[in-house]
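# Structural overview
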Amino acid sequence: MKYRSVKGVKDILPADTPKWQWVERAAHRIFSRYGFNEIRIPIFEYTDLFTRGIGETTDIVDKEMYTFKDKSGDMLSLRPEGTASAVRAFIEHKMSNAGAVTKMYYTGPMFRYERPQAGRFRQFYQIGVESMGSASPAIDAEVMTMLMEFFKELGLEDLELQLNSLGCRNCRPKYRETLKEAIKEHLNKLCANCCDRYERNPLRVLDCKVPQDQEIAQGLPKTVDHLCPSCREDFAEVQDLLKGVDARFSLNDRLVRGLDYYTKTTFEVTAQGLGSQDAICGGGRYDSLVAEFGGPDTPCFGFALGMERLVSVVPFDKLKGVESRPDLFIVSLGETAAKASFRISHTLRSSGISVDRSYDGGSMKSQMRKANKSACRFALIVGENELATGRLILKDMEKGEQFEVAVGPLTAEIKKHLK
Ligand code: HAM
């Protein structure tokens, strides 16, 4: 075949989209209970927005952005994540609302030039949530609780929520220096990547995946031991609130996240059975980003979850209403019946019944095979004889029973059976 999809980019096929839509519907349902409304942000932005927002020294900005010059010479990038855009929109549309929290969420594709592997793509989908305008630890706890409620709705109860705190603009710089001092003596043993990070982004040494570096990281100072009193109190409060709703979590002092904007609480949710790409969700507090972008001082908290990874662990066979199957499949025998079927399907669909049908004739047996394949609840058999007598045959595909239904009140009759 001449054309193939781009490496690391995949189609989501009609057989799978019902699952995706089910998950998205659950997100709309649960998030709206907590006062979140959807925002639709652009697929591309000025490159600067991401460079400044996510951080120049991060892998995402340094190596993974899809950046191009458009015909007017502007440098643009496909969005690698949604937070920077949400913050830009918040400032641009003056969404700051004194005393109230602005709550929004988004869904859609993100783009990162990463090495493709199981669970890691170059175009992947996220559902992201951003809460802007409160520094209260109650927001951290509430948003994470909402996330766990969402997972519960999806039948996922054994996920692991890992928490850490990265400190704020008061305590982080001091911690950073302490950490650098401690890393210094190990520099000759660390991987090349970590040596590079030592100057630019020393916190990332803590979550290096190279086994020897992990051993060294174990002995390095932890953020949680260097928090200022206010960060320490807030982190304890977040944990208390989570315990108050019986949310299970564990502390992970190596969790630093790969984006620079985080302050205070950070978290990740991992799932079993996903191999090395086991993070289905990540997020945390980012209290300085709005101000850094020129907006009013606005503490924020948010997360994003990866749809491909999430969909791959949801137990869809245990959930109701996931499959999209037609209510009815029309089997027509003969040319007159085929014409009548066109009219009948139009009338039924107009009244809200979902209908599939056989378009190319064929024997009763072959059409019933198609009906079976469509997973319809009922098959409606329209033959010349049935049309002549005005009584069609309705077959319940699950029970195997069949009934006669009159052509006149057909819609009402079928609706009665569908109940
Ligand atoms: P992130 O950790 O970069 O955070 O991405 C969130 C989730 O997106 C990950 O946990 C993972 O499930 C999924 N993901 C990331 N990269 C890939 C990939 N290449 N292929 C498949 N899935 C992937 C953020 O994006 C932040 N904006 C989250 C946030 C929102 N923080 C505050 N507000």
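Every chain's residues receive numbers from 1 upward, in the order its sequence appears when written. Where totals are concerned, whole chains, interfaces and linings use all residues; where local detail is concerned, this predicted model gives features only for residues with pLDDT of at least 70, and gives and counts side-chain atom pairs only at 80 or more. Heavy atoms throughout the structure, all of them, feed into the side-chain values; hydrogens and water do not.

## A closer look at the site of the ligand
- Summary of the distance rule: residues count as near a molecule or strand when at least one heavy atom falls within 4 Å of that molecule or strand. Near the ligand you find 25 residues, and of these Glu81, Glu114, Glu130, Tyr262 and Ala279 are the closest.
- Any pair of nitrogen or oxygen atoms within 3.5 Å is treated as a polar contact; in protein, a donor-acceptor pairing is required on top of that, and neighbouring residues in sequence qualify only through side-chain atoms on both sides. Contact distances for the ligand include 3.4 Å between an oxygen atom and a backbone N or O atom of Cys281.
- For the ligand, whose accessible area on its own is 660 Å², the fraction buried by protein is 95%.
- What counts as a helix is a DSSP run of H or I of at least four residues, what counts as a strand is a run of E of at least two, and both are numbered from the N terminus. Broken down by secondary-structure element, the contributors of at least two residues to the shell around the ligand are strand 6 (123-132), strand 10 (279-285) and strand 11 (300-306). Here the Shrake-Rupley method, with its probe set to 1.4 Å, supplies the accessible areas, and only the displayed protein chains count as covering residues.

## What to know about the packing of helix 6 (residues 172-184) against helix 7 (residues 192-200)
- Fitted lines through C-alpha atoms serve as axes, helices being fitted only where they are in contact, and the angles separating the N-to-C directions of these axes extend from 0 to 180 degrees. Helix 7 packs onto helix 6 with a crossing angle of 145 degrees between their chain directions and a minimal axis gap of 10 Å. Regarding helix 6 and helix 7, the two cross each other, and that crossing is left-handed. Each of Arg176, Lys180, Ile183 and Lys184 in helix 6 lies in contact with helix 7, whose residues at this interface are Tyr198, Glu199 and Arg200.
- Its residues assigned to classes, the contact of helix 6 with helix 7 shows two nonpolar, no polar and five charged. By definition, turning the near helix anticlockwise from the far helix through less than a right angle yields a left-handed crossing, and turning it clockwise yields a right-handed one. Here, two residues are considered to be in contact whenever any of their heavy atoms come within 4.5 Å of each other. Classification used: nonpolar for Ala, Val, Leu, Ile, Met, Phe, Trp, Tyr, Cys and Pro, charged for Asp, Glu, Lys and Arg, polar for all others including Gly.

## Details of the sheet that holds strand 3 (residues 67-69)
- Taking strand neighbours across the sheet as the criterion, the three strands line up as 2-4-3 in an open arrangement whose pairing is antiparallel. Both outer strands of the open sheet, strand 2 (44-46) and strand 3, are each paired with one neighbouring strand and no more. Pairwise comparison of adjacent strand axes, ignoring direction, gives a mean angle of 35 degrees for this sheet.
- Here a strand pair is declared whenever DSSP counts at least two bridges between the two strands. Bridge analysis of strand 3 against strand 4 (residues 75-78) gives three bridges, and the strand direction is antiparallel.

## Thoughts on the pattern of salt bridges
- Any Lys or Arg side-chain nitrogen found within 4 Å of a carboxyl oxygen on Asp or Glu counts as a salt bridge. In the structure shown here, the tally under the stated rule is 22 salt bridges.
- Two residues, Asp234 and Lys264, come together in a salt bridge whose shortest N-O distance is 2.6 Å. Of the two residues, Asp234 is situated in helix 9 (residues 229-244) and Lys264 in strand 9 (residues 263-270); the sequence distance between them amounts to 30 residues.
- Buried residues are those whose accessible area, probed at 1.4 Å on protein chains only, stays under 20% of the maximum for their type, while exposed residues exceed 50% and partly exposed ones sit between those limits. What makes Asp234 partly exposed here is its relative accessible area of 21%.

## Some points on the environment of Gln277
- Structurally, the position occupied by Gln277 is in the loop between strand 9 and strand 10.
- Each C-alpha atom, one on Gln277 and one on Asn385, is 60 Å from the other, the two residues being 108 residues apart in sequence.
- Beyond its immediate stretch of four places on either side in the chain, Gln277 contacts Gln117, Ala118, Gly119, Arg120 and Arg309.
- Among the polar contacts listed, one links the side chain of Gln277 to the side chain of Ser276, at a separation of 3.5 Å.

## Focus: the packing of aromatic side chains
- We call Phe, Tyr and Trp rings a pair once their centres come within 6.5 Å, taking the six-membered ring for Trp, and we label the pair stacked below 30 degrees between planes, edge-to-face above 60, and tilted otherwise. Following the criterion strictly, the structure yields eleven aromatic pairs and no others.
- With a centroid separation of 5.5 Å and an interplanar angle of 55 degrees, the aromatic rings of Phe31 and Phe150 are classed as tilted. Of the two residues, Phe31 is situated in helix 1 (residues 17-33) and Phe150 in helix 5 (residues 137-153); the sequence distance between them amounts to 119 residues. For the pair Phe31 and Phe150, a shared accessibility class is recorded, and that class is buried.
- With a centroid separation of 5.9 Å and an interplanar angle of 40 degrees, the aromatic rings of Phe150 and Phe151 are classed as tilted.
- The structure contains a cluster of three or more aromatic residues connected by ring pairs, namely Phe31, Tyr105, Phe150, Phe151, Phe267, Phe301 and Phe303.
- Sitting over the face of the ring of Tyr113, Arg122 holds its NZ or CZ atom 3.9 Å from the ring centroid.
- Counted as over-ring charges are cases with an Arg CZ or a Lys NZ within 6 Å of the ring centre that also lie within 35 degrees of the ring normal. Directly above the ring of Tyr198 sits Lys180, whose terminal nitrogen or CZ lies 5.3 Å from the centroid.

## What about the domain arrangement of the protein?
- Residue ranges labeled as domains rest on an automatic or database domain assignment. Under the domain assignment used here, the protein contains domain 1 (17-169 + 227-318), domain 2 (172-214) and domain 3 (328-418).
- Domain 1 and domain 2 are separated by 25 Å when their C-alpha centres are compared.
- Summed over both sides, the interface of domain 1 with domain 2 buries roughly 1,100 Å², with 40% coming from carbon and sulfur.
- Looking at the side of domain 1 facing domain 2, the largest losses of area belong to Thr57, Arg254 and Val256, adding up to 43% of the total buried there.
- Counting every contact that joins domain 1 to domain 2 gives two salt bridges.
- Between Arg200 and Asp62 there is a salt bridge, with the nearest N and O atoms lying 3.1 Å from each other.
- The interface formed by domain 1 and domain 2 contains six residue pairs in polar contact (both at pLDDT 80 or more).
- In terms of residue count, helix 3 (residues 59-64) provides more of the side of domain 1 that touches domain 2 than any other element does, three residues in total. When two components associate, each loses some accessible surface as probed by a 1.4 Å sphere; the sum of these losses over both components is called the buried area.

## Quick word on helix 9
- A helix is expected to reach a length of 1.5 Å times the quantity of its residues less one. Helix length check: helix 9 (16 residues) gives 22 Å between terminal C-alpha atoms against 22 Å at 1.5 Å per residue, within 8%.
- All of the buried residues in helix 9 are Cys231, Phe235, Val238, Gln239 and Leu242. The arc that holds every buried residue of helix 9, seen down its axis, measures 90 degrees, which confines them to one face. Relative to its buried face, helix 9 has exposed residues pointing more than 90 degrees away, namely Pro229, Glu233, Lys243 and Gly244.
- Looking at the buried residues of helix 9, the elements they touch are helix 5, strand 7 (160-165), strand 8 (250-251) and strand 9.
- Asp246 sits one or two residues past helix 9 and shows a positive phi near 60 degrees. Working definition: the arc comes from the directions between the helix axis and the C-beta atoms, pointing outward to the latter.

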